[in-house]
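Descriptive analysis of the structure
One letter stands for each residue in the lines below.
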Amino acid sequence: MAQHIKTAFTNPQDTKPYMSAKKVPGQTPDLPLHRTVNKTRKDDSRKAAVKQCKRYRGANYTQGGAGECDEYPFATTYEGAAEHDYDADAKKFNFSVKPIAKEDNGTGGSLLLSFYATNRVIDRMEDGFIVKLVS
């Protein structure tokens with residue numbers, strides 16, 4: 001998951017879906033991420049991500065259920081894969097998807113939910129946050 005985000009930050013042209021001017025949010029305070037708790041929007045982002053995983057990796061991208069489609073920005077953010085469906089001004093395909101191990105995706109999701117709870121990140125645009133990768 002962290003390697004996927006690192007690639008999206010540093011080499012967005014190497015991510016799927018392809019978009020020539022891709023610059024995923026969440027790297028800097030001027031382009032933060034914002035949590036959404038809207039179930040429909042989260043589900044729409046997950047569906048949009050899975051659609052792209054299937055498009056680029058084929059219908060068996062999960063390798064028989066061992067993998068899942070990881071997306072960045074996260075489906076739990078307004079900036080997730082379905083952002084363009086909700087905001088016509090948002091750039092289409094300004095996200096990245098990559099199949100990863102199901103266990104790793106679940107662990108990453110649990111860590112993200114823990115981050116939200118620990119830092120009291122709620123569903124509002126005033127609660128922006130960024131993602132930092134450290135080694």
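Residues numbered from 1 in each chain as written. Predicted model: local features only at pLDDT ≥ 70, side-chain atom pairs only at ≥ 80, totals over all residues. Heavy atoms only, no water.

1. Some details on the pattern of salt bridges
What the rule picks out here adds up to two salt bridges. Here Lys39 and Asp43 are joined by a salt bridge, their closest N and O atoms 2.7 Å apart. Linking Lys39 with Asp43, this pair stays in helix H2 (residues 39–57), spanning four residues, or about one helical turn. You can call Lys39 exposed: its relative accessible area is 57%. For Arg124, the salt bridge identified is with Asp127, shortest N-O distance 3.6 Å. For Arg124, a relative accessible area of 40% puts it in the partly exposed group. You can call Asp127 buried: its relative accessible area is 17%. (Salt bridge = Lys/Arg side-chain N within 4 Å of Asp/Glu carboxyl O. Helix = DSSP H or I, 4+ residues; strand = E, 2+ residues; numbered from the N terminus. Buried < 20%, exposed > 50% of the residue type's maximum accessible area, 1.4 Å probe, protein only.)

2. Side note on the nonpolar core
Listed in full, the 12 residues of the largest apolar core are Ile5, Ala8, Phe9, Val24, Leu33, Tyr72, Phe74, Leu112, Tyr116, Val121, Phe129 and Val131. For this core, the secondary-structure elements that each account for two or more residues are helix H1 (2–10) and helix H4 (102–118). Counting residues per element, this core draws most heavily on H1, which supplies three residues. Val24 has contacts with Ala8, Phe9, Tyr72, Pro73, Asn94 and Phe95, leaving out every residue within four places of it along the chain. Counting residues in each nonpolar core, the second largest holds eight residues, with Ala49, Cys69, Ala81 and Val97 among its members. (Core = buried A, V, L, I, M, F, W, Y, C linked by side-chain atoms within 4.5 Å. Contact = heavy atoms within 4.5 Å.)

3. Examining the state of the cysteines
Enumeration over the complete set of coordinates arrives at one disulfide. There is a disulfide in this structure between Cys53 and Cys69, and the S-S distance comes to 2.1 Å. Between Cys53 and Cys69, the disulfide has an S-S torsion of 80° and is therefore right-handed. Residue Cys53 is found in helix H2, and its partner Cys69 is found in strand E2 (residues 67–72); the two are separated by 16 residues along the sequence. Since its relative accessible area comes to 1%, Cys53 is described here as buried. (Disulfide = S-S within 2.5 Å.)

4. Considering H1
Among all positions of H1, only His4, Ile5, Ala8 and Phe9 are buried. Down the axis, H1 shows its buried residues gathered within 135° of arc, on one side only. Each element contacted by the buried residues of H1 is listed here: E2 and strand E3 (96–101). (Arc of directions from axis to C-beta.)

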